[in-house]
Amino acid sequence: MEFSDYVRTQRPALMRFATVLTGHAWLADELVSDVLGKAFERWDRITAMERPHAYVRRMIVNEHLSWHRRMARRRSTVDLAEMSIPIPDGTASHAERDAMIGRLSQLPPRQRAAVVLRYYLGLTDGEIAAQLGCRQSTVRSQIARALNSLRIDITETAGRQAVDTLESR
Amino acid sequence: MTDLRTLAEAFSELESRAGTVPVRMPDLVTADRGVRARSVRLLVPAAAVAVVLAAAAPAAWQQLHPRTDIGTGTGRLATAGGTGSRPSAPSSAHVSRPPSVPRYRPPASVAALTARARTILTGIATIEVSQGAEPAQTHSGPAIGGSLTAAGQSGGFDLLVASAGPTERAQCDEGFACTVRTLTDGTTLAVGAFRDPQTPGAITYQVLAVHADGAAVQLHLSTERDPKRHSTVTASRIPLSVQQMTSFVTSDRW
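Sequence order sets the numbering: in each chain, residues are counted from 1 along the sequence as written. Chains carry letters from A onward and ligands carry numbers from 1 onward, assigned in written order. Given that this is a predicted model, residues contribute local features only at a pLDDT of at least 70 and side-chain atom pairs are listed and counted only at 80 or more, while totals for whole chains, interfaces and linings are drawn from all residues. For side-chain calculations, the full set of non-hydrogen atoms in the structure is used, while hydrogens and water are omitted.

### Remarks on the overall build of chain A
Here comes step 1: Along chain A, the regular secondary structure elements total 10 helices and zero strands.
Here comes step 2: The buried share of chain A, reckoned over its 169 residues, is 47%.
Here comes step 3: The Shrake-Rupley method, run with a 1.4 Å probe sphere, supplies the accessible areas, and residue values consider only the shown protein chains as cover. Just so you have it, chain A exposes about 8300 Å², and 49% of that area is on carbon and sulfur atoms. In DSSP terms, a helix is any run of H or I states spanning at least four residues, a strand is any run of E spanning at least two, and both are numbered starting from the N terminus. Accessibility here uses a 1.4 Å probe with only protein chains present; expressed as a share of the type maximum, an area under 20% marks a residue as buried, one over 50% as exposed, and anything in between as partly exposed.

So this is what it looks like as structure tokens:
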């Protein structure tokens, strides 16, 4: 596939993923543009892979995490997550959703990445571990901590799904 | 406690925000990658200086009041030191009044600023200046505003160049989603974005660089005709990329 065709067809999906990952569309735009620039330089190798789109997505995650590591090395006293302020739409009915967006922005970057990879992309623990370069047990603990910070009760989800199933019969 | 459906709704909302940034091809000819060294520093409070712009055009610039109401209090960045009472025009560059002996001498006039900006933008963009304020009016440095055109896209811009105090650091306008980092040469760089909820397709980027020698260069660039208030959307995307805007304000030719 030609690089220009790939960008034309896949950039919207990459932008959506990067926006969910970073919390900011404009930051996602910069991130995706940087990564696509790098991907262009090695496009022959990427396009020969079994799943080039998954590889580019992995580049986005790595670039984002790498950026946060560089910030940490400079002993920043302000974490970008603290500065990431969601822009609510002002509708009361979306208060819970907007509160969730706010809590997402407070997650450490690796926890946020793990949550996004699991619940946005639907990757398995093994795939997430390969993506983040860690063990599956680490993935599970990262996600557990993140869900706790996000105040998500998995059992509550399972319960509601069960009720929905019963009511639909 | 909540459940995964709320998380899914949050993802969906974030996805929808991705669509607010117009699709563009990646900048394959990239700017100096050195500026991508990123860090976040504690924002040192700086007293905001009201920049009064004398409009050459009939309509004076107005404070974009809706921006301060964004999110009913959330989504704001505290401009430490207070925004004070901003006058009816303006663009706050978030720099203090210049010291009695400024370290950096900004361009002496609107004409000089315009000429320098055009020189730095040569081959990248053209500007049409419709408003300007001389240093005596701004009490800091000259400022210009108008339309910037690049790659077939034209959007409203304003540019201010001033002299910052030795302890000043870059920070974003109130209401902007913002990142601040320090570059390897000591320049502090604030990059922010604002999406106008009342105007579909309206987005404004702000880039402010406070150089180590005290040069403060701030550029707002928008898809709207006026980067400071609700106006007609004239571009499908910001005419310059964030990298290009960053290269512009961090140029050593200021």
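Here the narrative resumes, following the displayed structure.
### Section: the overall build of chain B
Here comes step 1: Each helix and strand in chain B was counted, giving five helices and seven strands.
Here comes step 2: Order of helices (α) and strands (β) in chain B, N terminus to C terminus: α-α-α-β-α-β-β-β-β-β-β-α.
Here comes step 3: The 254 residues of chain B split such that 56% are buried.
Here comes step 4: Contacts were defined at the residue level, with two residues in contact if any of their heavy atoms lie within 4.5 Å. Pairs at least 24 residues apart make up 65% of the contacts formed inside chain B by residues separated by at least 6 positions.
Here comes step 5: For chain B, the accessible area works out to roughly 9900 Å², and carbon and sulfur atoms hold 55% of it.

### Topic: helix α1 (residues 3–22) of chain A
Residues and elements named next belong to chain A.
Here comes step 1: Expected helix span is taken as 1.5 Å per residue step, with the number of steps being one fewer than the number of residues. Look at α1: only 24 Å from first C-alpha to last across 20 residues, short of the 28 Å you get at 1.5 Å a residue.
Here comes step 2: Where α1 bends most, the angle comes to about 55°, and this point is Q10, followed within four residues by the proline P12.
Here comes step 3: Taken as a whole, α1 has its buried residues at F3, Y6, V7, R11, L14, M15, F17, A18, T19, V20, L21 and T22.
Here comes step 4: Remark: G23 follows α1 within two positions and exhibits a positive phi of approximately 90°. Consider a residue and the seven residues that end there alongside the seven that start there; fitting an axis to each set, the bend is the angle between those axes.

### Considering the environment of G192 of chain B
All names here are of chain B.
Here comes step 1: By the secondary structure assignment, G192 is in strand β5 (residues 188–195).
Here comes step 2: Given a relative accessible area of 0%, G192 falls into the buried group.
Here comes step 3: Taking C-alpha positions, G192 is 5.7 Å from Y205, a pair spaced 13 residues apart along the chain.
Here comes step 4: Apart from residues no more than four positions distant in its own chain, G192 is found in contact with C172, F176, A177, C178, T204, Y205 and Q206.

### Quick look at the sheet that holds strand β4 (residues 177–182) of chain B
Here comes step 1: In space, the seven strands of this open sheet follow the order β1-β2-β3-β7-β6-β5-β4 (chain B), with antiparallel pairing throughout. The strands lining the two open edges of the sheet, one partner per strand, are β1 (126–133) and β4 of chain B. The mean angle between the axes of side-by-side strands here comes to 15°, regardless of whether they run parallel or antiparallel.
Here comes step 2: To define axes, lines are fitted to C-alpha atoms, for helices over the stretch in contact only, and angles between the resulting N-to-C directions are given on a 0 to 180 degree scale. The sheet contacts of helix α2 (residues 25–41) of chain A involve β4, β5 and β6 (203–210) of chain B, and relative to β4 of chain B the element is tilted by about 50°. Criterion used throughout: strands pair if DSSP finds at least two bridges between them.

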